[in-house]
Amino acid sequence: MKEKIEQLNKLKEDAKLGGGEARIKAQHDKGKLTARERIELLVDEGSFEEIDTFVKHRANDFGLDKQNYPGDGVVTGFAKIDGRPVALFSQDFTVFGGSLSETHAEKIVKVMKTAMKTGIPVIGLNDSGGARIQEGVVSLGGYADIFLLNTLASGVVPQISVILGPCAGGAVYSPAITDFIFMTKSSSYMFVTGPNVVKTVTHEDVSFEDLGGAETHASKSGVAHFIYENEVETLSNVRKLLGFLPLNFMDKSPELGFDKTNIKPEPKLDKIIPDNPNKPYNMKDIIHLIVDNNDFFEVHKDYAENIICGFCRIGGMAIGVIANQPEVLAGVLDINASVKAARFVRFCDAFGIPLLVLEDVPGFLPGTEQEWNGIIRHGAKLLFAFSEATVPKITVITRKAYGGAYDVMSSKHIRGDFNFAWPSAEIAVMGPKGAVEIIFKKEISMARDPDKELEKKIEEYRNKFANPYITAERGFVDDVILPSETRIKLISAYNLLRTKVDTNPKKKHGNIPL
Ligand code: HXC
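Residues numbered from 1 in each chain as written. Predicted model: local features only at pLDDT ≥ 70, side-chain atom pairs only at ≥ 80, totals over all residues. Heavy atoms only, no water.

This part covers the overall build of the chain. Along its length, the chain carries 20 helices and 16 strands. Here the chain has a C-alpha radius of gyration of 26 Å; the compact-globule value for 514 residues is 24 Å, and the two agree. Looking at the chain residue by residue over its 514 residues, the buried ones come to 52%. Of all intrachain contacts in the chain linking residues separated by at least 6 positions in sequence, the fraction that spans at least 24 positions is 73%. When the accessible surface of the chain is totalled, it reaches about 24,100 Å², and 56% of it is carbon and sulfur. Each charge class in the chain can be summarised by its mean position, and for the 62 positive and 68 negative side chains these summaries are 3 Å apart. (Helix = DSSP H or I, 4+ residues; strand = E, 2+ residues; numbered from the N terminus. Rg over C-alpha atoms; globule rule 2.2 N^0.38 Å. Buried < 20%, exposed > 50% of the residue type's maximum accessible area, 1.4 Å probe, protein only. Contact = heavy atoms within 4.5 Å. Areas by Shrake-Rupley, 256 points an atom, 1.4 Å probe, with all protein chains shown as cover. Lys, Arg positive; Asp, Glu negative; His and termini not counted. Charge placed at Lys NZ, Arg CZ, Asp CG, Glu CD.)

Looking now at a nonpolar patch on the surface. Taken together, the side chains of Val-429, Met-430, Ile-438 and Ile-439 present a nonpolar region at the surface, about 400 Å² in accessible area. As for its position among the elements, Met-430 is in the loop between strand 15 (426-428) and helix 16 (432-439). (Patch = residues over 30% accessible without salt bridge, like charges linked within 9 Å, V, L, I, M, F, W, Y side chains within 5 Å. Salt bridge = Lys/Arg side-chain N within 4 Å of Asp/Glu carboxyl O.)

Summed over the entire model, instances satisfying the criterion amount to 31 salt bridges. Ionic pairing is found between Asp-478 and Lys-412, a salt bridge with its closest N-O pair at 2.8 Å. Placement of the pair is Asp-478 in the loop between helix 19 (469-474) and strand 16 (479-480) and Lys-412 in the loop between helix 15 (403-408) and strand 14 (418-421), with a sequence separation of 66 residues. What makes Lys-412 partly exposed here is its relative accessible area of 23%. Residue Arg-415 is joined to Asp-502 by a salt bridge in which the shortest nitrogen-to-oxygen separation is 3.4 Å. In this pair, Arg-415 is assigned in the loop between helix 15 and strand 14 and Asp-502 in the segment after helix 20 (486-496), connecting sequence segments 87 residues apart.

Close to the ligand lie 19 residues; Arg-23, Gly-97, Gly-129, Ala-131 and Gly-170 are nearest. In this structure, an oxygen atom belonging to the ligand sits 2.9 Å away from a main-chain N or O atom of Gly-97. Between the ligand and Ile-133, the relevant distance is 3.1 Å, taken from a nitrogen atom to a main-chain nitrogen or oxygen of the residue. Secondary-structure elements contributing two or more residues to the shell around the ligand are helix 5 (137-153) and strand 5 (159-168). With three residues, helix 5 is the single largest residue contributor to the shell around the ligand. (Near = heavy atom within 4 Å. Polar contact = N/O pair within 3.5 Å; in protein donor to acceptor, adjacent residues only side chain to side chain.)

With that settled, the discussion passes to the pairing of strand 6 (residues 180-184). Counting buried residues along strand 6, five of its five residues qualify, which places the element largely inside the surrounding structure. Of the two faces of strand 6, the one lined by Phe-180, Phe-182 and Thr-184 and the one lined by Ile-181 and Met-183 are each fully buried. Bridge count between strand 5 and strand 6: four bridges; the pairing is parallel. By the bridge assignment for strand 6, Val-162 is matched with Phe-182. Two elements, strand 6 and strand 8 (residues 226-228), share three bridges in a ladder whose sense is parallel. Bridge assignment links Phe-182 to a residue of strand 8, and that residue is Phe-226. (Pairing = 2+ DSSP bridges.)

Along the polypeptide, Gly-97 turns up in the loop between strand 3 (84-91) and helix 4 (102-118). For Gly-97, a relative accessible area of 17% puts it in the buried group. In this structure, the C-alpha to C-alpha distance between Gly-97 and His-300, residues 203 residues apart in sequence, is 29 Å. When residues no more than four places from it in sequence are discounted, the contact partners of Gly-97 are Asp-92, Asp-127, Ser-128 and Gly-129.

Turning next to a negative patch on the surface. Taken together, Asp-449, Asp-451, Glu-455 and Glu-459 make up a surface patch of like negative charges. Among the secondary structure elements, Asp-451 is positioned in helix 18 (residues 450-465).

With that settled, the discussion passes to the side chain of Lys-381. One can find Lys-381 in helix 14 (residues 375-388). Buried charge Lys-381 goes without a salt bridge, the closest partner of opposite sign being Asp-334 at 12 Å. With residues near it in sequence (within four places) discarded, Lys-381 still touches Val-339, Ala-342, Ile-512, Pro-513 and Leu-514.

This paragraph deals with the nonpolar core. Nonpolar side chains tend toward joint burial in soluble globular proteins. Counting residues in each nonpolar core, the largest one holds 55 residues, and the members touching the most others are Ile-123 and Phe-311. Filtering out sequence-adjacent residues up to four positions away, Ile-123 remains in contact with Leu-42, Ile-81, Val-86, Ala-87, Leu-88, Phe-89, Ile-160, Val-162, Val-238 and Leu-242. With 30 residues, the next largest nonpolar core counts Tyr-281, Ile-314, Leu-358 and Ala-493 among its residues. (Core = buried A, V, L, I, M, F, W, Y, C linked by side-chain atoms within 4.5 Å.)

Phi at Phe-62 is positive, roughly 50°, even though this residue is not glycine. One can find Phe-62 in the loop between strand 1 (49-51) and strand 2 (74-81). On the basis of relative accessible area, Phe-62 is assigned to the exposed category, the value being 69%. At Asp-72, a residue that is not glycine, the phi angle is positive and equals roughly 50°. Note that Asp-72 resides in the loop between strand 1 and strand 2. For Asp-72, a relative accessible area of 0% translates into the label buried.

Before going further, it helps to spend a moment on the packing of helix 16 against helix 18. Close contact between helix 16 and helix 18 brings their axes to 9 Å; oriented N to C, the two are set at 115°. Classified by the angle their axes make, helix 16 and helix 18 are roughly perpendicular. For the element pair helix 16 and helix 18, the recorded crossing hand is right-handed. Only Leu-454, Lys-457, Ile-458, Tyr-461 and Arg-462 of helix 18 make contact with helix 16, whose side of the interface consists of Pro-432, Lys-433, Ala-435, Val-436, Glu-437 and Ile-439. Grouping the constituent residues of the contact of helix 16 with helix 18 by class yields seven nonpolar, no polar and four charged. (Axes fitted to C-alpha atoms, helices over the stretch in contact; angles between N-to-C directions. Parallel < 35°, antiparallel > 145°, perpendicular 65-115°, else oblique. Left-handed = near helix turned anticlockwise from the far one by under 90°. Nonpolar A, V, L, I, M, F, W, Y, C, P; charged D, E, K, R; others polar.)

Shape descriptors only; they carry no functional weight alone.
Here it is in structure tokens:
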């Protein structure tokens, strides 16, 4: 037995070397960690239980029969993060560039299936040259098997993709189906085809970084939700994100304790909205004053900054925040903002995370660029997402709630549970100037002094609509509240909504305007 145990230990030690010491050194020289080092950083110490360590590929062509590494380029298994279970896979670039073979795919599919059966999140650490070229179609089949599992697992368990190296070809589509994508600056890339193919097909000269680097995907394409300076920071923020999420759609997000004696008014909130309604302010200042411990974990921070999405805790409960940002494009809803927020709302709804909407929106962005690119279709995504969401939904209108955007931003009409307005709220079909230029067009043009008449009509309109009280008279907002008391009201409302039950009609699935 002793010999057998020694043999097992040796086989396991050999497997840890992946593609060998020289390739591990090359990986370190690029500033990258190995697949196993990454797992160690990500999970609770000593909690990783590896499976399929001895799996090898079954290919013989192109000399593959002479190169066969235990594990076949991916480390898979189960671990704990903050004491909660997760399933994970970590691609090993030292073995055929982390490329995906038939057996590599089978290993990933195996942990995903177990994750779905046991209801635990899946984390993929991606560092791969794409399909294992020598294996041909079986590798493509392996990708498709993973895509199918990603799709079936969507909405069942949270799926998180961490991109820590190149991700080319098929390697980008599995992350794209998952819920959140993390990237590391200067060492992770995602593209359907690399710079060389781009040059051949479109004659464009573009670097790896510009085409598919972390900053490109965080700010231009919106593919990446989170980017960080290095792998250590990236992995520590994956842990942070998980802390807000339930293990599966039937579980609840972990609640943290908070100081119950410290539920009191926050006078700073009474001073944030400027007297001039056209003057911007930073919505993040409000968010930080409302949430527990000033802690707001922003999603898509550098993309469509006119809307803010992220996780926080209010009274200990994990909450998803969607807030217009008056500091960027006056907080207008455009295509990118609508898509960003719609996806976030759907994630929160799928996993039972209550929503908080902070609203200051002048409407949808006009213009040919937006219309021709489909603001109608994309704006409808956000409307659809809020309308179908059955989690607790609370809206606070801090200032403008104009036009269609009033309806869209989780209004009472689309099942907002509690809709509050600050006294500074202006709720109307459109902004005062645009409105009076339409309804008083004749009077203004025929007036002796059209500019003065315009100003007069704007003032009249503002007095009538630039307040929350007509809306409150209708019950379209449940209360007009002091800004300083917002946090108190929210804690109480979310507590009341703990037992909320709401459902959608029985159907196969809805048809969100994609
Ligand atoms: C097999 C691969 C490989 C691959 C890399 N390697 N990619 N082996 N299949 N796809 C191997 C290399 O031969 C090398 O082996 C080792 O991995 C490291 O690769 P290098 O090129 O030396 O590393 P680097 O210079 O860092 O470049 C990394 C890279 C490059 C950018 C990923 O290797 C590359 O462009 N690879 C091909 C990417 C690609 O086109 N993949 C197919 C996509 S098509 P040794 O033995 O020297 O260590 C696809 C279709 C799926 O994925 C579609 C599904 C929808």
